[in-house]
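Below, each chain spelled out in residue letters.
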Amino acid sequence: MAPPAALLDLQEPAANCQNGTAPVSTKIAAVPHTTAVLANGSSTKQKTIEEMAGNWADFKFAPIRESQVSRAMTRRYFADLDKYAESDIVIVGAGSCGLSTAYCLAKARPDLKIAIIEASVSPGGGAWLGGQLFSAMVMRKPADAFLREIGVPYEDADDDFVVVKHAALFTSTILSKVIQFPNVKLFNATVVEDLITRADGKGGIRLAGVVTNWTLVSMHHDDQSCMDPNTINAPVVISTTGHDGPFGAFSAKRLVSMGGLPALGGMRGLDMNTAEDAIVKGTREVVPGLIIGGMELSEVDGANRMGPTFGAMVLSGVKAAEEALMIFELRKKECSEEMSSARRPGLE
Ligand code: 48N
């Protein structure tokens with residue numbers, strides 16, 4: 001497959017070099033003129049890169065006032081916080097499993113409001129690199145089906161596995177697709193620091209949402225008092241917080257500390273053939289309203305770890321989405337019965 005044509009061709013081919021210095025030319029791919037229709041209905045001809053290249057002397061950005069930037073950000077962010085205060089599904093952790101879950105859910109159910117809470121400023125979890133910070137990402141078949149689903153090119157290296165040339169190619173692609181869904185909101189730099197629970201009437205608990213805070217605030221509860229959290233209500237929560245990192249296996253550990261689970265199974269040693277099947281097949285609703293997938297599940301079940309193969313993460317995401325859609329109507333009914341008893345029924 002020919003390499004992608006560069007947009008900016010700075011060097012003429014060596015054959016045209018004179019006196020050892022290649023003439024520099026900036027051939028910008030011609031982009032046709034387009035017209036932008038503004039929010040107020042007026043339209044304006046959009047400049048092209050080609051028109052700007054080489055004409056920097058009289059270049060000028062459109063005028064702005066700083067408060068316009070501030071309002072453009074804050075109005076949208078706080079409108080999103082208001083809209084997703086009641087979500088249909090919350091996904092905790094935007095690693096390879098959480099993002100694959102979000103992709104499958106958002107595609108299957110464009111009517112659902114899906115909030116993703118990611119503690120790090122940069123979503124993607126452990127999937128920006130392969131093993132030991134190497135670039136290539138290995139996925140065992142049949143997980144290559146998910147790569148074809150989202151359009152990630154790969155090397156069909158062997159009968160049993162494929163290789164994505166750089167893990168960031170997978171992660172940037174799935175992240176871009178997930179964020180583009182109109183029914184998905186990613187809240188990154190935001191941590192789930194507790195779970196919203198209800199008595200399930202049988203001596204156990206069921207989930208009713210998550211408790212959130214700015215991650216940087218949450219990391220300073222030991223040296224600052226009174227930094228209370230925020231909340232997001234949802235009938236279904238899918239926790240894919242991984243097995244390591246500052247908040248790894250968060251929901252599993254919190255369930256144990258609140259008596260929702262008897263004990264952690266504790267992740268076992270590395271065994272690729274055992275681990276990946278166990279994580280995919282074990283992805284499930286662990287307590288009513290809470291599905292756990294990806295490597296967090298290894299801490300619940302005592303499953304082996306698989307090391308630097310990522311097929312189980314994406315297919316655990318596929319299964320987590322399936323499980324969520326199976327329980328959604330029942331869990332939503334339980335929540336709506338509770339909401340109908342609230343002073344202001346029909347909360348959106
Ligand atoms: O990538 P991770 O850690 O988790 P998964 O399950 O999506 O993928 C796991 C995978 O990367 C491996 O570990 C590979 C296969 N190796 C296996 C092995 O044997 O070593 O993503 C979890 C995400 C991260 O981005 C965290 O920042 C985030 O979850 N997170 C949270 N976000 C919000 N609130 C929290 N409490 C929280 N805890 C973690």
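This structure is a prediction, so every number in the text was calculated from the model and none was measured. (Residues numbered from 1 in each chain as written. Predicted model: local features only at pLDDT ≥ 70, side-chain atom pairs only at ≥ 80, totals over all residues. Heavy atoms only, no water.)

**A closer look at the environment of F187**
In step 1: Looking at the secondary structure, you find F187 in strand β9 (residues 184-188).
In step 2: Taking the C-alpha atoms as reference points, F187 and A94, separated by 93 residues in sequence, lie 9.6 Å from one another.
In step 3: Residues within four places of F187 in sequence aside, it is in contact with Y77, D80, L81, Y84, A115, I116, I117 and E118. (Helix = DSSP H or I, 4+ residues; strand = E, 2+ residues; numbered from the N terminus. Contact = heavy atoms within 4.5 Å.)

**What about the pattern of salt bridges?**
A pair can form between side chains of opposite charge whenever their charged atoms are brought close.
In step 1: Under the counting rule described, the total for this entry stands at 15 salt bridges.
In step 2: With a shortest N-O distance of 2.8 Å, E285 and R331 are connected by a salt bridge. Of the two residues, E285 sits in strand β15 (residues 284-287) while R331 sits in helix α10 (residues 311-340), which places them 46 residues apart along the sequence.
In step 3: Overall, E285 belongs to the partly exposed group, its relative accessible area being 24%.
In step 4: E334 is the salt-bridge partner of R331, the closest N and O atoms lying 2.8 Å from each other. Of this pair, R331 and E334 both sit in helix α10, separated by three residues, roughly a single helical turn.
In step 5: Residue R331 is classed as buried on the basis of its relative accessible area of 10%.
In step 6: Through salt bridges that share partners, R109, D111 and E329 make up one connected network. (Salt bridge = Lys/Arg side-chain N within 4 Å of Asp/Glu carboxyl O. Buried < 20%, exposed > 50% of the residue type's maximum accessible area, 1.4 Å probe, protein only.)

**Examining the packing of aromatic side chains**
In step 1: Using the criterion set out here, one finds eight aromatic pairs in the structure.
In step 2: Taking 5.7 Å as the distance between ring centres and 70° as the angle between the ring planes, the aromatic pair formed by Y77 and F78 counts as edge-to-face.
In step 3: Y77 sits in the partly exposed class, given a relative accessible area of 22%.
In step 4: For the pair Y77 and F187, a centre-to-centre distance of 5.9 Å together with 85° between the ring planes defines the contact as edge-to-face. Within this pair, whereas Y77 is found in helix α2 (residues 66-83), its partner F187 is found in strand β9, the two being separated by 110 residues in sequence.
In step 5: Taking the relative accessible area as the measure of exposure, F187 reaches 2% and is therefore buried.
In step 6: Seen from the ring of F187, K185 lies directly overhead, with NZ or CZ sitting 5.4 Å from the centre. (Phe/Tyr/Trp six-rings, centres within 6.5 Å; stacked < 30°, edge-to-face > 60°. Lys NZ or Arg CZ within 6 Å of the ring centre and 35° of its normal.)

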